[in-house]
Amino acid sequence: MKYVDEYRDPRLARELVRYIRRRSTRPWPVMEICGGQTHTLIRYGIDQLLEGAVTLIHGPGCPVCVTPLEKIDRALAIARRQEVIFTTFGDMMRVPGSETDLLSAKARGADVRMVYSPLDALELARKHPERQVVFFAVGFETTAPANAMAVWMAHQEGVKNFSVLVSHVLVPPAIQALMEDPETEIKGFIAPGHVCTVMGYQEYETLAQSYRIPFVVAGFEPLDLLQGLAMLVDLLEEGRVEVQNQYTRSVCREGNPHARAIVEEVFEVADMTWRGIGPIPKSGLCLRERYRTFDAEFRFEVATISREESSVCIAGEILQGKKKPVDCPAFGRECSPEHPLGAPMVSSEGACAAYYAFRRLQEAEA
Amino acid sequence: MNPSRSEQLVEGVLQQIWQQGGHAYGEVSVGGARVVVLLDLVPEVSEGDRIFFQGKVALSRVSDEIR
Amino acid sequence: MKFVCPMPIEEYDAVTLGHGGGGKLTNRLIRELLEPTLNNPFLAELHDGAMLPRAQGRLAVTTDSYVVSPPFFPGGNIGDLAVHGTLNDLAMCGARPLYLTLAMILEEGFLLQDLWRILASIRQRLEEANVPVVTGDTKVVERGKGDGVFLNTTGVGQILDGVDVRPARIQPGDAILLSGPIAEHGIAILSIREGLSFDTALQSDTANLWPVVEALLDAGGLDIHALRDATRGGVASALNELAQASGTGMVIQEEAIPVREEVRGACEILGLDPLFVANEGRFLAFVAPERADELLEVLHSHPLGGEARIIGRVVSDHPGVVRMETWLGGSRVVDMLSGEQLPRIC
């Protein structure tokens, strides 16, 4: 059996597309929260295959996109310090701060390195005791266990030159914020399978009941998403409000208790500002008091840096699914993947970047 | 393309497990490419299991159940 | 020999500023290491430049610098790349290689033993291709001002008669041939940097493409419209560049693009799309559609094209844009890279 190929069976995929199209009586507006899922939908053209049956609203689930401007500016301030090796996942390198991005800071001499794991950053700290190694701990609940692990291991081993710049966001409070909006059109959610792998889906059961809206927890392969959407359309057509789990091969209702325990040990829930959306109460994570020495904002005294966002960019409304990227006055003009104003244009998982690529095709065909 | 995407879950087959410095590690094969991941958060896994990992930390054992 | 005229390698184990200073050490580096290694009558003149015989027909010239990090990787080293890369650029012009030049920028402290390994590879690749290095240059920069070794090669080649390959000749209808499985060079290099290993050894695909290109041109003549090696930015960038240069659109089939299993696995781990990963021994050919199958057979009969595939076609719709038909029946734009951060791979 070849890896992943079993989730990429074209015959089965076409059957699911036919099923969804047959089953759906209207173009159900549903949101996939997670940017990884947006990426798959766009990459395989699933959104087009389902046109008329399901209208996919791309949610705020790109952690790169929602990292607040001031966090980026704090990252830059830390990265510029002589003694610092600043480490990050690749997708944060080009996210614009108020003046520049990490990649440009690197070009001007900052020691910024792309890593694949916070554990790699910790290893750098062990190897370079004379330097300060900082990891940009960004992400949803999915990345929280690895980040928590790195902090916990540094604590256990007494690694003094390692710290994390935390910008962790939580999915359920964001869904709540979206559903509190009286104008919302969303009728159903595809819940993120990786987040639920860690956290389980009990929180989504509460949300489903509060807002009378169905959820399907789904994975990231094209077949996962097609099957998840088929289940969601079934629920919508039958008017059922429940949470179903498509991603049973990874997700159980309680999530991963060991992962939740380490996250609980190292982090606590905190208020968080989402780029483009604004503050959402209890929607993020910060380090607990006893791990505060590993907090880079505290260690490098950058917590006071604060910034206002660009007034042209409508990233917030786009991330909430209220507007399309083409509604933005800067779209394709001041703002492009080469010169992004807002984060949804940076990440290939961002809605603006995805639209930008497709608009090029449409214009070329016109 | 997005090198080193932060939220990515990767699936692979656990080839070998060992203990080092109080932690469990495993070598995972993803279609023949091998990488070392931390197994502390999935203590129930054994060699030959399929797992999901993120940032070189295993997060779940992939069950055989595929709907 | 050791007492009479020791090689610099025996007195110093690493490159010093003196090796590039133009004095005795430089002289010895050239006379005792470079000249004998790259041995040919043009270099033996020890002149400031090479004086070449009159050539017939049209010439092609290309230059390229090589800064790959690390300089040694599975399947080759920077020396292999410096020869193959420039020969391949000539091949993409339909030109048989005649001469190369070689310039080296060495960082103070670079091990002479490593330099020797690189030169030995260069020599081997030159012999295989039967092409001489006719002139060269060596500079040494202070420690910290370089990254071990940078190379530059310039190539001169003679364009075959009855051949005209260039982007402007790409036309709607053309079949797009890809010479083999992609992304192996980039993944071979990234895997050492990221500590990945493989069930079966994965190596850089670095290769001199001229022999297979020559076979293709011999068979196809003017029906070969354009050639492009898919180096930096991978197949996706090569296709985009040519779509823009020729004002045509391109449609490729996802399922047709060969990617080895372990390369796909590594891409999954590293979060990369193999379409954007560098190759050093793979090329695209744009050919008249009625001859596509026959020319594919020509590629198949050659070791460097054994796994060649027809991956798509040129269209008049959406000029300048590359579209991919996914295995699911969907469609997406394959865009250029927007300057993502990647390690130096060539």
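Residues numbered from 1 in each chain as written. Chains lettered and ligands numbered in written order. Predicted model: local features only at pLDDT ≥ 70, side-chain atom pairs only at ≥ 80, totals over all residues. Heavy atoms only, no water.

Another point: the domain arrangement of chain A. Residues and elements named next belong to chain A. Per the domain assignment, the segments of chain A are domain 1 (5-62 + 182-245), domain 2 (65-170 + 255-299) and domain 3 (315-365). The centre of domain 1, based on its C-alpha atoms, is set 22 Å off from the matching centre of domain 3. Interface of domain 1 and domain 3: buried area, both sides summed, is about 920 Å²; carbon and sulfur atoms make up 65% of it. Connecting domain 1 to domain 3 are zero salt bridges. In this structure, the connection of domain 1 to domain 3 is made through zero residue pairs in polar contact (both at pLDDT 80 or more). When residues of the side of domain 1 that touches domain 3 are assigned to their parent elements, the largest contribution, five residues, is made by helix 2 (residues 35-43). (Domains from an automatic or database assignment. Buried area = accessible area lost by both parts, 1.4 Å probe. Salt bridge = Lys/Arg side-chain N within 4 Å of Asp/Glu carboxyl O. Polar contact = N/O pair within 3.5 Å; in protein donor to acceptor, adjacent residues only side chain to side chain. Helix = DSSP H or I, 4+ residues; strand = E, 2+ residues; numbered from the N terminus.)

The subject of this paragraph is the side chain of Q37 of chain A. Residue and element names in this part refer to chain A. By the element assignment, Q37 lies in helix 2. The exposure class assigned to Q37 is buried, which follows from its relative accessible area of 0%. At 2.9 Å, the side chain of Q37 forms a polar contact with the backbone oxygen of A218. If we ignore the near neighbours within four places in the chain, the residues touching Q37 are E32, I190, A191, P192, G193, A218, G219, F220 and L225. (Buried < 20%, exposed > 50% of the residue type's maximum accessible area, 1.4 Å probe, protein only. Contact = heavy atoms within 4.5 Å.)

Right, let's talk about the domain arrangement of chain C for a bit. All names here are of chain C. Domain annotation of chain C identifies domain 1 (10-159) and domain 2 (167-333). If you average the C-alpha positions of domain 1 and of domain 2, the two centres end up 28 Å apart. Every contact between the two is made by 21 residues of domain 1 and, on the other side, 21 residues of domain 2. Here domain 1 and domain 2 share an interface that buries about 1,700 Å² over both sides, 61% of which is from carbon and sulfur atoms. Counting across the domain 1 and domain 2 interface gives one salt bridge. The salt bridge partner of R96 is E214, with a shortest N-O separation of 2.9 Å. At the junction of domain 1 with domain 2, the criterion picks out eight residue pairs in polar contact (both at pLDDT 80 or more). At the level of elements, strand 2 (72-73), helix 4 (78-91) and strand 4 (95-107) are the ones that each hand at least two residues to the side of domain 1 that touches domain 2. Across the side of domain 1 that touches domain 2, the residue classes break down as 12 nonpolar, six polar and three charged. (Nonpolar A, V, L, I, M, F, W, Y, C, P; charged D, E, K, R; others polar.)

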